[in-house]
Amino acid sequence: MHKPIRKAVLPVAGLGTRFLPATKAMPKEMLTVVDKPIIQYAVEEAIAAGITEIIFVTGREKSAIENHFDISYELIETLKKRGKNEEVSLLQNIIPDGIRVYYTRQGEPKGLGHAVWCAKEIIGDEPFALLLPDDMNWHKKGTGHCLKEMCNLYNETGKSVVLSSSVPRQHISKYGVLDVNGSSMVNNHAPVQGFVEKPSPEKAPSNYAITGRYVLTPRILDILENTEPGHGGEIQITDAMHQIAKEEGFYGYLNDGKRFDCGDKVGFQIANLFFAMQDPYIAPRLQMFLENQGMVPVQSDCISTMQEEPATTKSTLIN
Ligand code: UTP
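Bear in mind that the values here come from a model prediction, so they are computed numbers and not experimental data.

J.: Pulling in residues and values, what's your account of the overall build of the chain?
T.: On a plain count of helices and strands, the chain comes out with 11 helices and 14 strands. Computed over C-alpha atoms, the radius of gyration of the chain comes to 21 Å, within 12% of the 20 Å expected from 2.2 N^0.38 for 319 residues, which places it in the range of a compact globule. Dimensions along the principal axes, computed over C-alpha positions, put the chain at roughly 55 × 45 × 40 Å. Counting only contacts in the chain whose residues sit at least 6 apart along the sequence, the fraction spanning at least 24 positions is 74%. Of the roughly 16400 Å² of accessible surface on the chain, 51% is carried by carbon and sulfur atoms. Charged side chains in the chain number 33 positive and 39 negative. The centres of these two groups are separated by 1 Å.

This is the structure:
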């Protein structure tokens, strides 16, 4: 029996330079996909996977994240007085009862490895999940996210697990890549013998790229403690993961659903479109707009499937 995964680290101290000027005074993680900040999707994914302790690694200009997860007493009281009960429960469920939240600071954005290391004391000697909030995933099974499946794999094997997506060879040099010894994923997983950071397409050991979700044993914290800064003066996590793969073994879990890089302007727009199209209120209206603009072929059942406007929505029909 392995120690259960109770804690999740969410690093949110990055600069978000790819999203300037939007991220000049607002954290990238607070950008909204449909009606929720990106960071809230990651917290919901963690809670759905059984996590009960959320650790944010924050930095300068990130107080909006703390405010979002704080109790907004005055707002809740005002809404209660106005009988807006649906909105009250929406706010109260941002952090459900029984979930604890911790904040620690990364003084300087010295890379993902360093951000994780900053949470060392709060993590302690137990396995933990790591979620990069701007990397969103979606699949049809179970909770609709990958972390729960990854935790199940950890519980079965006791080994660290990383989420991966299959990416075209020509794009592989943007990613950390899994070395699965030439094999393929069976039942969505395979043992990993090592990792290579941003290899050229010719040298990449596979098409499986690391994508934003990890379940890690605490050994990684000791390795990060002794890791020297690499490219750009940052402490990356991939080298430490490589060492774990050699020492303890590692698994890759394949996301065969969808993945959205919301740290990138194109990925962010696609995520908004995709999640909007999952929403029964928004989807037919968006579809109608796209059809009216000649952006997609006309589907005649669009109007008949349109739902009544919910009481909480103030918007009118898009035309
Ligand atoms: P990114 O690789 O997307 O980096 O970080 P970034 O700095 O936020 O964005 P760009 O590339 O400049 O546009 C992935 C996650 O890791 C966090 C980020 O906040 C983001 O949630 N991160 C990154 C840290 O917490 N600290 C760091 O030093 C780097």
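Anyway, onward from the coordinates.
J.: Can you break down the confidence of the model for the chain residue by residue, with the values?
T.: Per-residue pLDDT for the chain averages 90, and the proportion of residues at 70 or more is 93%. Contacts from residues 312-319, a stretch scored under 50 in pLDDT, to residues over four places away or in other chains number 14 contacts.

J.: Describe in detail helix α9 (residues 238-247), supporting the description with residues and values.
T.: Here α9 has its buried residues at T238, A240, M241, I244 and A245. Along the axis of α9, the buried positions cluster into a sector of 155°, meaning they face one direction only. Exposed residues pointing more than 90 degrees away from the buried face of α9 are listed as D239 and K246. Turning to α9, the residues buried within the fold contact β8 (160-166), β10 (189-192), β11 (194-197), β12 (208-216), α8 (219-225) and β13 (250-254).

J.: Just give me the short version of the site of the ligand, but keep the residues and values in it.
T.: Near the ligand you find 17 residues, and of these T17, R18, E29, Q106 and G111 are the closest. The contact in question runs from an oxygen atom of the ligand to an N or O atom on the backbone of G111, over 2.7 Å. Out of a free accessible area of 570 Å², the ligand has 82% covered by protein chains. Partitioning the shell around the ligand into residue classes produces seven nonpolar, five polar and five charged.

J.: Tell me what's going on with the environment of I220, and back it up with residues and numbers.
T.: When you line up the elements, I220 lands in helix α8. On the accessibility criterion, I220 (0% relative accessible area) is buried. As a C-alpha pair, I220 and V116 span 104 residues in sequence and 9.3 Å in three-dimensional space. Apart from the residues within four sequence positions on either side, I220 is in contact with F128, I237, A240, M241 and I244.

Reading guide: rules and limits
- Residues numbered from 1 in each chain as written.
- Predicted model: local features only at pLDDT ≥ 70, side-chain atom pairs only at ≥ 80, totals over all residues.
- Heavy atoms only, no water.
- Helix = DSSP H or I, 4+ residues; strand = E, 2+ residues; numbered from the N terminus.
- Rg over C-alpha atoms; globule rule 2.2 N^0.38 Å.
- Contact = heavy atoms within 4.5 Å.
- Areas by Shrake-Rupley, 256 points an atom, 1.4 Å probe, with all protein chains shown as cover.
- Lys, Arg positive; Asp, Glu negative; His and termini not counted.
- Charge placed at Lys NZ, Arg CZ, Asp CG, Glu CD.
- pLDDT = per-residue confidence, 0-100.
- Buried < 20%, exposed > 50% of the residue type's maximum accessible area, 1.4 Å probe, protein only.
- Arc of directions from axis to C-beta.
- Near = heavy atom within 4 Å.
- Polar contact = N/O pair within 3.5 Å; in protein donor to acceptor, adjacent residues only side chain to side chain.
- Nonpolar A, V, L, I, M, F, W, Y, C, P; charged D, E, K, R; others polar.

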